[in-house]
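# Residue-level structural notes
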Amino acid sequence: MIWPFRRKSKRRMARIVIEGAINGSTRKLVLKAIKQVEEREFPALLLRIDSPGGTVGDSQEIHSALLRLREKGCRVVASFGNISASGGVYIGVGAEKIV
């Protein structure tokens, strides 16, 4: 008899890309993506940032969400693209490592 074998957990990594100015619509999309990472219990997150910055409030909310995600045990690594200024850097500081 053949037994089907499935691994209960796969080593996966989530990836979120932030491109362009950080504003209300960007914040909503990123916070929704971070919530999905929490719910699906990914062990790691790669945050790709290519942004000239944006509003302080929206950047702070994303930063706080990343810190909460790290407290739950998810490892967060930020990767900067061509441009990473003001709000993009503020978000990246919430990661464990910046590349």
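Note that residues are indexed from 1 along each chain, following the sequence as it is written. Local features in this predicted model are restricted to residues whose pLDDT is 70 or higher, and side-chain atom pairs enter the listing and the counts only when it is 80 or higher, whereas totals over whole chains, interfaces and linings include all residues. Only heavy atoms go into the side-chain values, all of them from the structure, while hydrogens and water stay out.

## Side note on the packing of helix 1 (residues 24-40) against helix 2 (residues 56-71)
Axis definition: a line fitted to C-alpha atoms, over the contacting stretch in the case of helices. Angles run 0 to 180 degrees between N-to-C directions. In this description a helix means any DSSP run of H or I spanning at least four residues, a strand means any run of E spanning at least two, and both kinds are numbered starting from the N terminus. At a minimum axis separation of 9 Å, helix 1 and helix 2 run at an interaxial angle of 5°. In terms of their interaxial angle, helix 1 and helix 2 are classed as roughly parallel. Taking contact as the criterion, the partners of Gly24, Arg27, Val30, Leu31, Ile34, Val37 and Glu38 in helix 1 are, on helix 2, Asp58, Glu61, Ile62, Ala65, Leu66 and Leu69. Looking at side-chain class alone, the contact of helix 1 with helix 2 contains 8 nonpolar, 1 polar and 4 charged residues. Relative orientations are named as follows: roughly parallel for angles under 35 degrees, roughly antiparallel for angles over 145 degrees, roughly perpendicular for angles from 65 to 115 degrees, and oblique for any other angle. Throughout, a residue-residue contact means that at least one pair of heavy atoms, one from each residue, lies within 4.5 Å. Each residue gets one of three labels, nonpolar for Ala, Val, Leu, Ile, Met, Phe, Trp, Tyr, Cys and Pro, charged for Asp, Glu, Lys and Arg, and polar for the others, Gly among them.

## A word on the sheet that holds strand 4 (residues 97-98)
Should DSSP find at least two bridges between two strands, the strands are regarded as paired. Spatially, 1-2-3-4 is the arrangement adopted by the 4 strands of the open sheet, whose pairing is parallel. The open sheet has two edge strands, strand 1 (14-19) and strand 4, and neither has a second partner. As judged from the 2 bridges shared by strand 3 (residues 75-84) and strand 4, these two strands associate in the parallel manner. The residue of strand 4 that forms the bridge with Val77 is Lys97. Here helix 1 sits on the sheet and contacts strand 1 and strand 2 (44-51); the angle it forms with strand 1, its principal contact strand, is near 175°.

## Brief notes about the pattern of salt bridges
What makes a salt bridge here is a side-chain nitrogen of Lys or Arg within 4 Å of a carboxyl oxygen of Asp or Glu, nothing more. Summed over the entire model, instances satisfying the criterion amount to 4 salt bridges. A salt bridge links Asp58 to Arg27; the shortest N-O distance between them is 2.7 Å. In this pair, Asp58 sits in helix 2 while Arg27 sits in helix 1, placing the two residues 31 residues apart along the sequence. In this structure, Asp58 and Arg27 share a single accessibility class: buried. Of the charged contacts, one joins Arg75 and Glu96 as a salt bridge, the two residues approaching to 3.2 Å between their closest N and O atoms. Of the two residues, Arg75 sits in strand 3 while Glu96 sits in the loop between helix 3 (87-92) and strand 4, which places them 21 residues apart along the sequence. Relative accessibility decides the category of a residue: with a 1.4 Å probe and only protein chains considered, values under 20% of the type maximum give buried, values over 50% give exposed, and everything between is partly exposed. We classify Glu96 as partly exposed; its relative accessible area is 33%. Put simply, Arg27, Asp58 and Glu61 are held in one network by salt bridges that share partners.

## Points about the pairing of strand 3
One ladder, built from 7 bridges, connects strand 2 with strand 3; its direction is parallel. From the neighbouring strand, Ile49 faces strand 3, where its bridge partner is Phe80. Handedness of the crossover joining strand 2 and strand 3 through helix 2: right-handed. If you view a crossover with the strands going away from you and the path from the first strand over the helix to the second runs clockwise, you call it right-handed. Read from strand 3 through helix 3 to strand 4, the crossover connection turns out right-handed.

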